[in-house]
Amino acid sequence: MAGERNTNLASKLITQILLWFAVTAMLLFVPAGTLRWPSAWIYLALWLLTGTWSGLVLVRQNPDILRERMRPLRQQAQKSWDRPVLMAILVGWVALHVVAGLDFRTGLSFVPRWLTVVGAVAFVFATYIFHVVMRENSYASPLVKIDAERGHKVISTGPYAWVRHPMYGAAIPYFIGVPLLLGSWYALAIGFLLIGILALRAVWEEQTLMTELPGYTDYAQRVRYRLVPWVW
């Protein structure tokens, strides 16, 4: 029975990955006005390979996190203040890709080749940290909520022994790496804006966790840093 459930989960995962691949490709190539954009294809290939590898590994190691993250992005348990914040993040993510496409079309930005390589490395590093976080924490929902139905508890192992929000921490190289890989300074500006929104979300999320999740206040006293070790 468990094997059949995991097979169904893997099928659903692949379908979702391909759907997001198509949407992301459209957000890039339609504004760019061409398919002849090597950096965009490299980005999409890295995204497809890392996402598929991570997802299939998690089907075996932690299927609960995949089920959680494939649920609708609007749920009753989600904190009301988080809904507009999450919408802003999603809109910003879309805008980052569209602006990068328009930038490629107009040729306004010039990003040195070595920085595009740095961007690719940063993107792969970020997706690996995302994977490690999801492997470690079955409650790492994309929504801010207390998952009482599944016995939500504090996770303090793995990357959570270093920072309290490693998923948000990994978003920093992601939102810097993707624009650099795509060769757009304007998209990078949006990336920095998104990092700021995530930092603000982390602060507000902690207020919820300290109030409603037993043991989180003690954990926050032990682990000093929110997103980046020895920085913040």
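As shown above, the structure is provided for reference.
Residues numbered from 1 in each chain as written. Predicted model: local features only at pLDDT ≥ 70, side-chain atom pairs only at ≥ 80, totals over all residues. Heavy atoms only, no water.

Caption draft 1: Layout of the environment of Ile195. Mapped onto the fold, Ile195 is located in helix α7 (residues 185–212). Residue Ile195 is classed as buried on the basis of its relative accessible area of 15%. Ignoring sequence-local partners within four residues, the contact set of Ile195 consists of Ala171, Ile172, Phe175 and Ile176. (Helix = DSSP H or I, 4+ residues; strand = E, 2+ residues; numbered from the N terminus. Buried < 20%, exposed > 50% of the residue type's maximum accessible area, 1.4 Å probe, protein only. Contact = heavy atoms within 4.5 Å.)

Caption draft 2: Geometry of the side chain of Asn137. Considering the arrangement of structural elements, one finds Asn137 in the loop between α5 (113–136) and α6 (166–182). Exposure remark for Asn137: the relative accessible area of 7% places this residue in the buried category. Those residues in contact with Asn137, other than ones at most four positions away along the chain, are Asn62, Ile65, Ile155 and Tyr160.

Caption draft 3: Broad picture of the layout of surface pockets. Considering only enclosed or pocket space, the second largest pocket measures out at about 340 Å³ in volume. Every residue lining the second largest pocket is counted, 17 residues in all, and those nearest its centre are Ser39, Val111, Thr116, Leu182 and Gly183. If you list the elements that add at least two residues to the lining of the second largest pocket, you get α2 (38–61), α4 (82–106), α5 and α6. Residue composition of the lining of the second largest pocket, grouped by class: ten nonpolar, five polar and two charged. (1 Å grid on protein atoms, 1.4 Å probe; cavity = no way out; pocket = protein on both sides within 12 Å on 5 of 7 lines; lining within 4 Å. Points joined across faces, edges and corners; volume = space filled by probe spheres on them. Nonpolar A, V, L, I, M, F, W, Y, C, P; charged D, E, K, R; others polar.)

Caption draft 4: The arrangement of a nonpolar patch on the surface in detail. Nonpolar side chains collect at one region of the surface, where Leu73, Met87, Leu90 and Val91 lie side by side and expose about 340 Å² of accessible area between them. With respect to the secondary-structure elements, Leu73 resides in the loop between α3 (63–69) and α4. (Patch = residues over 30% accessible without salt bridge, like charges linked within 9 Å, V, L, I, M, F, W, Y side chains within 5 Å. Areas by Shrake-Rupley, 256 points an atom, 1.4 Å probe, with all protein chains shown as cover. Salt bridge = Lys/Arg side-chain N within 4 Å of Asp/Glu carboxyl O.)

Caption draft 5: Representation of the packing of α4 against α7 within the structure. In the contact formed by α4 and α7, the axes pass within 8 Å of each other and the chain directions differ by 165°. Between α4 and α7, the angle is such that the two are roughly antiparallel. Considering how the two elements wind past one another, α4 and α7 form a crossing that is left-handed. Of α7, the residues touching α4 (which contributes Asp82, Val85, Leu86, Ala88, Ile89, Gly92, Trp93, Ala95, Leu96, Val99, Ala100 and Asp103) are Trp185, Tyr186, Ala187, Ile190, Gly191, Leu194, Ile197, Leu198, Arg201 and Trp204. When its residues are assigned to classes, the contact of α4 with α7 shows 17 nonpolar, two polar and three charged. (Axes fitted to C-alpha atoms, helices over the stretch in contact; angles between N-to-C directions. Parallel < 35°, antiparallel > 145°, perpendicular 65-115°, else oblique. Left-handed = near helix turned anticlockwise from the far one by under 90°.)

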